[in-house]
Amino acid sequence: MNSVTSSQTTAAEGAPRPALSVFDAVMIITGIVIGGGIFALPPAIAGLTGSLDWMLIAWGAGAALTLIGALCYAEMASTFPHAGGDYHFLTRAFGRDLSFLFGWARVTVILPGSIAMLGFVCGDYLTRVLDLGGHSSAVYAALIIVVLTLVNIAGLRQSARAQNLLTAIEVGGLLLVVLAGLLVTAPASAPPATASASGMPAMFGLALVFVLFTFGGWNEAAYISAEVRGGQRAILKALVISILVLTTIYLVFVLALVKGLGFDGLKASKAIGADIMLAAFGPVGEKLIGAMVAVAALTSINATMIVGARNNFALGQDWPLLSFMSKWHGARNAPVVALLAQAAVALLLVAVAAVEKGGVATMVEFTAPVFWGFLVLVGIGFFVLRFRYAHVARPFKVPGYPILPMAFIATCGYLFHSSVTYAHSRNALHWGAYLMIAGLIAWLIARFARRT
């Protein structure tokens, strides 16, 4: 909308309006993606690949697959921009009933659970600075959730500014680790192994799963597609720039770790950030890494709140039973009630985790099969949208159609299979089953409420 009058009308009607720059969107996407994974998984990836060459191939392949997925989402988000993101895509492709189950999983556990667990990460670090008692981490987690929810309720402009600052600090922390790697000389050891003539390592697939985990969260960009300025192709720019920035940061980060720790040292490290910062800057550096991880967690929490509330808002628009979440505050350009509902669920999960150790972690970790299963459906929905809405103009079309979208579906299918296998090995598939049973019950109630 170009005129001031149109913007004011949109705001008055309580609908999302373009208020984010491409830079803001890049910072939100980057803030969601960069989390604890990049500090924890490089040693496992190095061990599974067994050589420097294959490790770099795994990181490159993961980045390429992520970019393919981003291009698919860019076509759908630029054609059907909506605060509902992939929930909206599933609704258009398969109807409200199936998408309700996806929205339900995000509202009840996937997003609030992630917020709660990241709150505990910050709480664990802050407890080392000032212990608040037996449930110190839980108290800190609750306070963080309340404060960041208030920031988001203040308005999209305020939450975006907070996100920009946190992401800048987060990236700065990663670059500090890179600097440490460049300053440290790894202990003398055998030269890094190169790719063997026998071909791909047997565990390369699992290594790729870990790499893709570190890139996880880019798809959340779809939830802000209706709020990025610059036209319908703006979300494409935001996604592509984000993936390129993340790939560059990750590759430089990993190479710095190899330079500072050595390939064998990287494989053996239990805390890569602490090890390399200790070697470069002494005890002060080792303590600083904790603050960096805490900031990374805060950054992800704030970004997850921004996109998560929009999922709640879209679900509330479609289902009268949840219509209380469909209110959009025009002046603040934020779904205030949806934000409050999200915070309430996250605080409830914090309380559960405080009483029963690991409760939230278990719920979040083992909803992965549900998440990847639905993402396979989003990929299939891409083709359904192509055929069902062939008459709709597409500001951007995925190059290499249909090969690239098929590669996206295959990647999600592989991750779905891997997550199911892992959950089964931990005797934890019942968590996903409980979640979907609860969703089916809620769906039946919601269907009844719509008819009455």
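Quick caveat, the model's predicted, so the values are computed rather than measured. (Residues numbered from 1 in each chain as written. Predicted model: local features only at pLDDT ≥ 70, side-chain atom pairs only at ≥ 80, totals over all residues. Heavy atoms only, no water.)

When you go through the chain residue by residue, the secondary structure sums to 19 helices and zero strands. Taking 452 residues into account, the globule formula puts the C-alpha radius of gyration at 22 Å, and the chain, at 22 Å, falls close to it. Dimensions of the chain, computed from the C-alpha atoms along their principal axes, are close to 70 × 55 × 50 Å. For the chain, buried positions account for 54% of its 452 residues. Considering only contacts in the chain between residues 6 or more positions apart, those separated by 24 or more positions represent 81%. When the accessible area of the chain is evaluated, it comes to approximately 18700 Å², of which 69% is carbon and sulfur surface. Computed over 26 positive and 17 negative side-chain charges, the separation of the two mean positions in the chain equals 9 Å. (Helix = DSSP H or I, 4+ residues; strand = E, 2+ residues; numbered from the N terminus. Rg over C-alpha atoms; globule rule 2.2 N^0.38 Å. Buried < 20%, exposed > 50% of the residue type's maximum accessible area, 1.4 Å probe, protein only. Contact = heavy atoms within 4.5 Å. Areas by Shrake-Rupley, 256 points an atom, 1.4 Å probe, with all protein chains shown as cover. Lys, Arg positive; Asp, Glu negative; His and termini not counted. Charge placed at Lys NZ, Arg CZ, Asp CG, Glu CD.)

Let us now look at unusual backbone geometry. Negative phi values dominate among residues other than glycine, just as trans dominates among peptide bonds. Omega for the bond connecting Tyr-401 with Pro-402 falls within 30 degrees of zero, at 5°, which places this linkage in the cis form. With respect to the helices and strands, Pro-402 occurs in the loop between helix 17 (368-388) and helix 18 (403-425). Non-glycine residue Asn-333 carries a positive phi angle of around 50°. Here Asn-333 shows up in the loop between helix 14 (283-318) and helix 15 (336-355). Relative accessible area serves as the criterion here: at 2%, Asn-333 is assigned to the buried category.

Turning to the side chain of Arg-106, a few remarks are in order. When you line up the elements, Arg-106 lands in helix 7 (residues 96-129). A polar contact is formed between the side chain of Arg-106 and the side chain of Tyr-223, at a distance of 3.0 Å. If we skip the residues at most four places from it in the chain, Arg-106 touches Leu-111, Pro-112, Glu-220, Tyr-223 and Asn-311. (Polar contact = N/O pair within 3.5 Å; in protein donor to acceptor, adjacent residues only side chain to side chain.)

With that settled, the discussion passes to the packing of aromatic side chains. Tallied over the entire structure, the rule returns 16 aromatic pairs. Taken together, a centroid distance of 5.7 Å and an interplanar angle of 85° make the contact between Phe-382 and Phe-383 edge-to-face. The burial state of Phe-382 is the same as that of Phe-383; both residues are buried. Taking the ring centre of Tyr-389 as reference, the NZ or CZ of Arg-92 above it sits at 5.1 Å. (Phe/Tyr/Trp six-rings, centres within 6.5 Å; stacked < 30°, edge-to-face > 60°. Lys NZ or Arg CZ within 6 Å of the ring centre and 35° of its normal.)

This next bit is on the pattern of salt bridges. Opposite charge on two side chains makes pairing possible when the charged atoms of those side chains draw close. Evaluated as defined, the whole model comprises eight salt bridges. Its salt-bridge partner being Arg-310, residue Glu-227 comes within 2.6 Å of it at the nearest N-O pair. Residue Glu-227 is found in the loop between helix 10 (204-214) and helix 11 (234-261), and its partner Arg-310 is found in helix 14; the two are separated by 83 residues along the sequence. No difference in accessibility class separates Glu-227 from Arg-310, as the two residues are buried. (Salt bridge = Lys/Arg side-chain N within 4 Å of Asp/Glu carboxyl O.)

We now examine empty space enclosed by the protein. To find leftover empty space, a probe the size of one water molecule is rolled over the atoms. What the rule picks out here adds up to one cavity of 30 Å³ or more. The space that makes up the largest cavity amounts to roughly 40 Å³. Lining the largest cavity we find Asn-152, Gly-155, Leu-156, Ser-159, Ile-306, Arg-310, Ala-334, Pro-335 and Leu-339. Only helix 9 (156-183) and helix 14 provide two or more residues apiece to the lining of the largest cavity. (1 Å grid on protein atoms, 1.4 Å probe; cavity = no way out; pocket = protein on both sides within 12 Å on 5 of 7 lines; lining within 4 Å. Points joined across faces, edges and corners; volume = space filled by probe spheres on them.)

For helix 6 (residues 85-94), the buried fraction is high: eight of the 10 residues fall into the buried class. Within helix 6, the full set of buried residues consists of Gly-85, Asp-86, Tyr-87, His-88, Phe-89, Leu-90, Thr-91 and Ala-93. Close packing links the buried residues of helix 6 with helix 5 (52-79), helix 7, helix 14 and helix 17. Immediately downstream of helix 6, the backbone of Gly-95 shows phi near 100°, a positive value.

In this section: the environment of Val-295. Considering the arrangement of structural elements, one finds Val-295 in helix 14. Taking relative accessible area as the criterion, Val-295 reaches 18% and is therefore assigned buried. Put simply, Val-295 and Leu-166 are 129 residues apart on the chain and 6.8 Å apart in space, counted from C-alpha to C-alpha. Those residues in contact with Val-295, other than ones at most four positions away along the chain, are Leu-166, Ile-169 and Glu-170.

In short, shape yes, function no, at least from these values alone.
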